[in-house]
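If you want the building blocks of each chain, they are given just below.
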Amino acid sequence: MIDTGREVANRMAEAALTWLDSLDDDQRPVAVGPPPGSGEGGEGERTRWFYTPTDHGGLTFHQQRPAQHRLVMRLVASGLSEAGYNTVATVLGLENVLDRVEGFSVNWGRERTRDPGMYYLRVFGEPGGSRPWGWRFGGHHVSLNYLVADGRVAATTPCFLGADPAASPLLGGATLRPLGAAEDLARELVRSLGPELAGRAVLLPRAPDDIVSGNTARIDDRVVRRSELWRPGPYTPDRAEQTATGLPDADRQALALIPSPKGVPGAELDATQREVLRALLGTYLDRVPDGVSPLPRYDEPAALDAVYLAWAGSTTAGEPHYYRLQGPRLLVEWTNVQRGGNHAHAVWRDPETDFGGDVLAAHHAAHHV
């Protein structure tokens, strides 16, 4: 049965209420924030998001009992497809893999640096009530943000997933690549372009160190600093005031996010390339349940026509690279640069209604005039 926005919202509300009911008096103040759009000072916090191993705001696994961990993951599952949930669960587990990669030696002044217990959940408002409500789950390489208004899922972005390492060996010669399809399909697409289209698609011969939009609440063309990727606290990353992308100004301008997308539009791709483009979109938009995924809109030729592909860096597998997909109500960014091209970041955003800002405005206009 195909999910609807209302059915998904009902599952979210039931899972959120069950978790909230399990909290004690000390846990609840950390776990709950003001209702979205309430004017109670919570919007700045609700729309402040991270994907680094910093304080994301909310209650961590460490602050909960094992039975509550299960309830957290039940809520997380309510907002994801089966494949999306499996990918998120894998990313959480990669903290243990990364710890080994770094020789169990990285020390940022806390009890454990690469820590699967440092994932945070916060609910904003009252689940299932008449007012809008939302929830956020995040930690290193995961940021899930949802808004429910008028009984329906109204926003599912920003939705960030990463993987470090992006590829790691398994027994029998297999390789664990949680985000592998998002990399391989994009490379297949850009390498299939003829010289003229490839010349327009590849904006820069080097890749940025990180996604261009960073963790901004609203997408614009401003420079994001490394320090902004971390909540202020005892740990300050090296080179904190450098740009997150690490690009000099001329290169930054070449990759700047502007309303008119750069690169090659779907309208100029052949039939086979368009199939690859839609499959690539699915690796992002299918993170969420069918009933709230915008992927079906790209069955319409005009919608796919308006999606632009842009690339930076090498098109050779294993080498640092970046790409983005941009169109109406769509921004997808991917980078795999750090750790020698074995550390992936992949974000899906809706430039018009990240965090459901326009939905909140419409709700208040209809119900609070």
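Residues numbered from 1 in each chain as written. Predicted model: local features only at pLDDT ≥ 70, side-chain atom pairs only at ≥ 80, totals over all residues. Heavy atoms only, no water.

**Student:** What exactly am I supposed to notice about helix α6 (residues 180–191) here?
**Tutor:** An α-helical turn contains 3.6 residues, so a residue and the one three or four places further along point in the same direction. Under the 1.5 Å per step criterion, the end-to-end length of α6 is 16 Å for 12 residues, consistent within 8% with the ideal 16 Å. Within α6, the full set of buried residues consists of Gly180, Ala182, Glu183, Leu185, Ala186, Arg187, Leu189 and Val190. Buried residues belonging to α6 abut β10 (202–204), α9 (271–285), β12 (308–313), β13 (321–327) and β14 (330–336). (Helix = DSSP H or I, 4+ residues; strand = E, 2+ residues; numbered from the N terminus. Expected span 1.5 Å × (residues − 1). Buried < 20%, exposed > 50% of the residue type's maximum accessible area, 1.4 Å probe, protein only. Contact = heavy atoms within 4.5 Å.)

**Student:** Any chance you could explain the packing of helix α1 (residues 5–21) against helix α4 (residues 66–78) here in plain terms?
**Tutor:** Geometry of a packed helix pair, given as the angle between the helix axes and the separation of the axes. Two elements in contact, α1 and α4, have axes separated by 9 Å at closest approach and are oriented at 165 degrees. By the angle class used here, α1 and α4 are roughly antiparallel. Here α1 runs over α4; the crossing is left-handed. Facing α1, whose interface residues are Val8, Arg11, Met12, Glu14, Ala15, Ala16, Thr18 and Trp19, α4 presents Gln68, Leu71, Val72, Arg74, Leu75 and Ser78. Its residues assigned to classes, the contact of α1 with α4 comprises eight nonpolar, three polar and three charged. (Axes fitted to C-alpha atoms, helices over the stretch in contact; angles between N-to-C directions. Parallel < 35°, antiparallel > 145°, perpendicular 65-115°, else oblique. Left-handed = near helix turned anticlockwise from the far one by under 90°. Nonpolar A, V, L, I, M, F, W, Y, C, P; charged D, E, K, R; others polar.)

**Student:** Is there a simple way to think about the nonpolar core in this case?
**Tutor:** Note that soluble globular proteins tend to have their nonpolar side chains buried in a common cluster. Trp19, Trp135, Phe137, Tyr284 and Tyr323 are the most contacted members of the largest nonpolar core, which has 71 residues in total. Here the element with the most residues in this core is α1; it accounts for eight residues. Setting aside residues no more than four positions away along its own chain, Tyr323 makes contact with Ala182, Ala186, Leu280, Tyr284, Leu309, Ala310, Trp311, Val332, Glu333 and Trp334. Counting 11 residues, the second largest nonpolar core, distinct from the first, contains Trp49, Trp108, Ala244 and Val347. (Core = buried A, V, L, I, M, F, W, Y, C linked by side-chain atoms within 4.5 Å.)

**Student:** Could you clarify how one ought to interpret the pattern of salt bridges in this entry?
**Tutor:** Following the criterion strictly, the structure yields 24 salt bridges and no others. Between Asp305 and Arg274 there is a salt bridge, with the nearest N and O atoms lying 2.6 Å from each other. Of this pair, Asp305 sits in helix α10 (residues 301–305) while Arg274 sits in helix α9, and the two are 31 residues apart along the sequence. By relative accessible area, Asp305 is classed as partly exposed at 28%. Residue Arg274 is classed as buried on the basis of its relative accessible area of 18%. Look at the salt bridges and you will find they share partners, linking Glu45, Asp55, Arg122, Arg136 and Arg231 into a network. (Salt bridge = Lys/Arg side-chain N within 4 Å of Asp/Glu carboxyl O.)

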